[in-house]
Amino acid sequence: HLLSLKECQTMQDWAFRALMAEYMMKVADSAMESSKTGVAVESYEEALAIFKQDEDTSEEEDVIKARKGCIKGHKMIAIDCEGFGDFRSAIEQRKRACELLESENKVVPACHQLISIAYNLGKVDEYDKSSVILSDVCRKLFKGVTSLDYMPSDRLNLLVKAYHMRAICFTKMAKWKPALDQYDELLPLVAKESGRGSLDYMSLTIRKAAILVTLKNYAAATELLRNYFQMADINDGAGNEVIVGPDDHSLALDTSAAIDLKLGKVDDAITTFEKKLAFLEEHLPQDKEMKSDAMHKLGCLLSYKKNHEEALPLLQSALDTRKFLYDGRNKFLIESSWAVAATNQTLGDTDKALADYEILLEKIDLVEDSPINSVVVQNSAGKLFFEDGKIEAAVSSFTKALEGVESQGDDALKKNIMLNLANALAAKGEIDGAFDLYEDLERMGKRKRTQLYFFTLYNKSLLLIKVGEKEQAKDILNDIIETRSSKADDTKGNVYITLGILSVEEKKIESGLNYYEDALAMFVDERYDISSITQTKKLMAMAYLETKKYDVAITILEDALTELSQPGMERKFYQLMKAEVWNCMSKVYQRRGDHSSAKNFAKLALQTYKSELGERHPITLRNVSNVSVLLLEEAEGLTKSEAKSIIDAAKFEMEGALGAFLSLNDSWAYRFDVASLKTNLGLVAVWQGKPKKARKLLKQIEGIEVLADSVLEKRIATLKVLLEKLEKEKEK
């Protein structure tokens with residue numbers, strides 16, 4: 001009603017205006033008492049406007065009362081807005097309160113409002129505007145003050161707060177030098193006000209140290225933290241609480257670890273993160289976010305130090321916590337997923353790693369500001385697919401990685417991806433595409449001759465061997481051996497192995513064994529690589545098998561098993577290597593004529609594959625087939641009645657394995673496995689006197705192109721001979 005009267009002609013009369021102001025004040029006071037702050041503020045503002053219009057006739061006391069009501073009301077509304085998270089509305093309310101306070105020349109109260117405005121600007125990430133407001137606060141506080149020594153305590157407290165907030169703003173804006181300068185101004189003030197051992201001083205010291213690390217002044221940062229940790233240890237020894245708050249102490253530990261890492265002191269950084277994790281357990285047990293961050297970082301450092309078994313539980317725990325804290329597109333969740341996937345891959349847990357990577361690849365492009373490089377993830381996933389025999393998936397991942405790396409300008413990563421793609425294309429049978437990539441890499445690397453250059457030459461030689469160009473491959477391999485460059489050392493072990501394999505294939509057993517010895521020396525002396533050592537010993541044993549030196553072969557394989565049975569080698573990676581050695585043992589005993597021992601070692605390998613990889617994994621299924629072949633060979637020396645139960649058992653296992661391979665829906669990848677099983681089932685059908693079934697299986701096999709002179713080709717030839725003989729007998 002009063003507002004509606006503002007437009008009437010009587011408002012021109014000063015007496016009416018005075019009456020209007022009086023009633024507005026009554027409404028304002030009543031509204032304030034009733035907690036109707038909005039109505040109160042509007043009424044006070046109307047009354048104040050009238051008082052100012054009639055300044056000559058208005059009582060000073062009335063003006064002051066109206067202004068005071070306005071200030072109080074705006075502050076109350078601002079507090080409510082801040083409680084609701086409406087920081088922009090709060091800023092406008094406090095701006096008006098500040099304006100009214102400045103009109104009364106109340107510097108300190110006005111600066112209080114400006115500091116609150118600066119804080120609210122920070123809440124909406126407008127740190128540049130916040131820093132400008134804080135600079136204005138500093139100027140106002142210094143107005144009329146010639147020196148800090150003469151600044152009143154109420155102003156000094158506000159100045160300290162403004163300096164502190166401005167330092168935070170500069171830090172948020174990554175203006176590290178201004179932030180450091182601000183801390184340098186701030187620390188003497190806090191030391192004077194609170195003392196060098198106070199919570200405030202130590203807290204600021206930690207934050208300054210963090211800035212110094214960012215500016216790469218590690219020595220100064222180390223000195224500040226050393227002083228803090230010394231005081232913290234003294235305090236702890238006296239049974240007191242931590243000097244600073246838990247967040248600041250955690251920052252000190254993080255900063256200390258960062259310095260250690262920058263200086264290459266990884267073990268010290270690990271110790272620091274272990275301390276941080278213990279500290280969080282005691283002081284911030286409910287802070288899952290900070291705890292998961294510490295576990296993730298500690299796990300990553302342990303992985304870097306090759307302590308993968310110790311790292312994995314920490315990384316997995318961090319991932320599980322982050323799954324609870326964040327949605328699927330959060331960058332920290334992706335970061336943890338990547339760490340777990342990579343560690344599982346390193347530990348040889350292929351199935352788990354594959355599952356991790358498949359989820360990771362689905363989500364990584366949906367994450368904004370991802371802390372990990374999607375190209376690196378695609379490249380790593382491709383390697384895993386390749387190792388697991390999923391060549392199509394590997395080619396797809398490497399192709400995507402190569403497309404992505406073009407825009408990053410990382411030449412070394414690009415070359416690595418090109419080599420991986422070339423290897424995958426070679427495995428897929430896309431020979432021309434593989435050779436094109438190998439030749440591009442060879443041309444690009446010829447001048448510097450890096451490790452990757454020699455890896456390229458080695459892999460190119462393998463493809464040449466695959467297409468029958470063995471002499472050209474040998475020339476490349478011998479060139480690698482003869483080079484004096486240390487960059488070739490990591491390749492030479494594999495080069496010796498390949499030359500050894502070629503020699504054994506050519507029946508040059510002694511030459512092959514010499515190459516294997518050279519390879520073994522490289523793997524033991526240059527870098528102890530248990531996987532490569534085991535592979536070399538298996539090849540040596542198989543070479544001795546060719547010369548019927550069974551005892552020597554068995555001794556070498558037993559030595560390999562002993563090395564794989566040392567403490568700490570219980571995990572999947574080593575168990576699978578032991579299974580490979582047991583399979584080699586089975587072959588030696590089979591050739592020696594000891595079918596019982598051969599079968600026992602094959603069963604040991606099969607049981608390991610079942611427990612480590614699962615019943616339907618391709619490697620497990622191949623070993624089912626191997627054991628079945630041994631059963632068939634065992635049955636050959638028995639009478640038909642004695643052999644029947646053995647052959648029936650073998651047939652049952654092979655039919656199950658064949659069905660499992662067919663269900664994998666990758667006829668090209670598993671074509672030789674299918675052909676081998678169908679050949680063996682064809683032999684069983686011949687033994688059972690079922691020529692039609694055997695002929696049907698043989699026709700299916702003939703549609704598969706098998707390798708010339710392979711064991712499979714010989715078994716198919718045997719099946720043909722036996723089937724023709726059976727068919728002739730049936731005709732009679």
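In what follows, the structure referred to is the one given above.
Along every chain, residues carry numbers that run from 1 in the direction the sequence is written. Side-chain atom pairs in this predicted model are given and counted only at pLDDT of 80 or more, local residue features only at pLDDT of at least 70, and totals for whole chains, interfaces and linings cover all residues. To obtain the side-chain values, all non-hydrogen atoms of the structure were included, while hydrogens and water were left out.

Q: Just checking my understanding: could you explain the overall build of the protein chain for this structure?
A: Secondary structure follows DSSP: runs of H or I at least 4 residues long count as helices, runs of E at least 2 residues long count as strands, and numbering of each begins at the N terminus. Each helix and strand in the protein chain was counted, giving 33 helices and 0 strands. Just to be clear, the radius of gyration here is over C-alpha atoms, and the globule rule we use is 2.2 Å times residues to the power 0.38. Computed over the C-alpha atoms, the radius of gyration of the protein chain is 40 Å, more than 25% above the 27 Å expected from 2.2 N^0.38 for a compact globule of 732 residues. Summarising its shape, the C-alpha atoms of the protein chain cover approximately 140 × 60 × 55 Å along the three principal directions. Burial classes follow relative accessibility: with a 1.4 Å probe on protein chains only, a residue under 20% of its type's maximum area counts as buried, one over 50% as exposed, and anything between as partly exposed. Of all 732 residues assigned to the protein chain, the portion counted as buried reaches 48%. Whether two residues are in contact is decided by their heavy atoms, any of which lying within 4.5 Å being enough. For the protein chain, restricting intrachain contacts to residue pairs at least 6 apart in sequence, the fraction spanning at least 24 positions comes to 54%. Just so you know, the count uses Lys and Arg for positive and Asp and Glu for negative, and it drops His and the chain ends. In this description, the location of a charge corresponds to atom NZ of lysine, CZ of arginine, CG of aspartate or CD of glutamate. Taking the average location of the 101 positive side-chain charges in the protein chain and that of its 117 negative ones, the two points are 5 Å from each other.

Q: I'm lost on the pattern of salt bridges in this one. Help?
A: Oppositely charged side chains are able to pair whenever their charged atoms sit close together. We count a salt bridge whenever a side-chain nitrogen from Lys or Arg sits within 4 Å of a carboxyl oxygen from Asp or Glu. Counted under the stated rule, the structure contains 51 salt bridges. Put simply, K140 and D136 hold a salt bridge, and the shortest N to O gap is 4.0 Å. Here K140 and its partner D136 are both found in helix α6 (residues 127-142), 4 residues apart, which amounts to about one turn of the helix. Residue classification places K140 among the partly exposed positions, given a relative accessible area of 24%. A salt bridge links K599 to E634; the nearest nitrogen and oxygen atoms lie 3.1 Å apart. A residue pair is termed long-range when its members are at least 10 positions apart, and K599 in helix α28 (residues 595-613) and E634 in helix α29 (residues 618-636) qualify at 35 residues. Through salt bridges with shared partners, a single ionic network connects E102, D136, R139 and K140.

Q: Sorry, what's going on with helix α26 (residues 550-563) here?
A: Owing to its 3.6 residues per turn, the α-helix brings residues three or four apart onto one side. A helix is expected to span 1.5 Å for every residue after the first. For α26, which comprises 14 residues, the first-to-last C-alpha distance of 20 Å matches the rise-based estimate of 20 Å (1.5 Å per residue) to within 8%. The inward-facing, buried residues of α26 contact α25 (530-546) and α27 (572-592).

Q: Explain the environment of V552 here, please?
A: Its place among the elements puts V552 in helix α26. Residue classification places V552 among the partly exposed residues on the basis of a relative accessible area of 35%. A C-alpha to C-alpha distance of 7.3 Å links V552 and A541, two positions 11 residues apart in sequence.

Q: What is the right way to read the packing of aromatic side chains from this model?
A: Geometrically, a pair of aromatic rings is defined through the distance of the ring centres and the angle of the planes. Here a Phe, Tyr or Trp ring, Trp counted by its six-membered ring, pairs with any other such ring whose centre lies within 6.5 Å, and the pair is stacked when the planes are under 30 degrees apart, edge-to-face when over 60, and tilted otherwise. On inspection of all chains with the given rule, the structure shows 8 aromatic pairs. When the ring of Y326 is compared with that of F332, the centres are 5.9 Å apart and the planes differ by 40 degrees; the resulting orientation is tilted. On the basis of relative accessibility, which here comes to 29%, the residue F332 falls in the partly exposed class. For the pair W338 and Y357, a centre-to-centre distance of 6.1 Å together with 70 degrees between the ring planes defines the contact as edge-to-face. Here the residue W338 occupies a position in helix α15 (residues 331-346), and Y357 occupies one in helix α16 (residues 350-363), the gap between them amounting to 19 residues. For the pair W338 and Y357, a shared accessibility class is recorded, and that class is buried. A cation over an aromatic ring shows up here: K640 above the ring of W687, its NZ or CZ 5.2 Å from the ring centre. Looking at R671, its charged tip hangs above the ring of F672, at a distance of 4.3 Å from the centre. Note on criteria: charge over ring means Lys NZ or Arg CZ within 6 Å of the ring centre, with the direction from the centre no more than 35 degrees off the ring normal.

Q: How should unusual backbone geometry be read in this particular structure?
A: For residues other than glycine, phi is negative in most cases, and the peptide bonds are mostly trans. For S35, which is not glycine, the phi dihedral falls at a positive 65 degrees. You will see that K216, though not glycine, has its phi angle at about 65 degrees, which is positive. By the secondary structure assignment, K216 is in the loop between α9 (199-214) and α10 (218-237). Assessed through its relative accessible area of 63%, K216 is described here as exposed.

Q: How should I be thinking about the nonpolar core in this particular structure?
A: As a rule of thumb, soluble globular proteins bury nonpolar side chains together. Of all hydrophobic cores here, the largest spans 120 residues; its most connected members are Y357, V377, I480 and V588. For this core, the element with the highest residue contribution is α27, accounting for 10 residues. With residues up to four places along the chain from it excluded, the contact list for V377 reads W338, Y357, L360, L361, I364 and I372. In plain words, nonpolar cores are sets of buried Ala, Val, Leu, Ile, Met, Phe, Trp, Tyr and Cys residues tied together by side-chain atoms within 4.5 Å. Core analysis: the next-biggest nonpolar cluster, separate from the first, contains 74 residues, I50, A118, M202 and L225 among them.

Q: Would you mind going over the state of the cysteines with me for this structure?
A: A covalent bond between the sulfur atoms of two cysteines is what we call a disulfide. Cysteine sulfur pairs qualify as disulfides if the two atoms are within 2.5 Å. Scanning the model with the defined rule gives 0 disulfides in all. The structure places no disulfide on C81, whose sulfur is separated from the nearest cysteine sulfur, that of C70, by 16 Å. The class of C81 is buried, set by a relative accessible area of 14%.

Q: Explanation requested: the side chain of K578 in the structure shown.
A: The topology assignment puts K578 in helix α27. One buried charged side chain, K578, makes no salt bridge at all; its nearest oppositely charged neighbour is E570, positioned 8.5 Å away.

Q: Looking at this model, I keep getting lost on the environment of L545. Mind explaining?
A: One can find L545 in helix α25. Classification of L545 by relative accessible area gives buried; the value is 3%. Expressed as a C-alpha distance, the spacing of L545 and L664, which sit 119 residues apart in the sequence, is 35 Å. Leaving out residues up to four positions away in the same chain, L545 has contacts with Y550, A553, K587, V588 and R591.

Q: Sorry, what's going on with the packing of helix α20 (residues 431-445) against helix α21 (residues 451-466) here?
A: Any two packed helices are characterised by the angle at which their axes cross and by the distance between the axes. Angles run from 0 to 180 degrees between N-to-C directions of axes, and those axes are lines fitted to C-alpha atoms, restricted for helices to the stretch in contact. Where α20 meets α21, the closest approach of the two axes is 9 Å, and the angle between their N-to-C directions is 150 degrees. By the angle class used here, α20 and α21 are roughly antiparallel. Handedness of the α20/α21 crossing: left-handed. Contacts between α20 and α21 involve I431, A434, F435, Y438, E439, L441, E442 and G445 on the former and, on the latter, L452, Y453, T456, L457, N459, K460, L463 and L464. We call Asp, Glu, Lys and Arg charged. Ala, Val, Leu, Ile, Met, Phe, Trp, Tyr, Cys and Pro are nonpolar, and the rest, Gly among them, are polar. A per-class count over the contact of α20 with α21 returns 10 nonpolar, 3 polar and 3 charged. Angles are sorted into four bins: roughly parallel if under 35 degrees, roughly antiparallel if over 145, roughly perpendicular if 65 to 115, and oblique for all others. Crossing handedness: left-handed means the near helix sits turned counterclockwise from the far one by under a right angle, and right-handed means the same turn made clockwise.

Q: Looking at this model, I keep getting lost on the packing of helix α19 (residues 411-428) against α20. Mind explaining?
A: Where α19 meets α20, the axes come as close as 8 Å, and the angle between the chain directions of the two elements is 150 degrees. Looking at the two axes, α19 sits roughly antiparallel to α20. Once α19 is placed against α20, the crossing between them reads as left-handed. Contacts between α19 and α20 involve K415, M418, L419, L421, A422, N423, L425 and A426 from the former and I431, G433, A434, L437, Y438, D440, L441 and M444 from the latter. Split into classes, the residues belonging to the contact of α19 with α20 amount to 12 nonpolar, 2 polar and 2 charged.

Geometry only, nothing functional implied.
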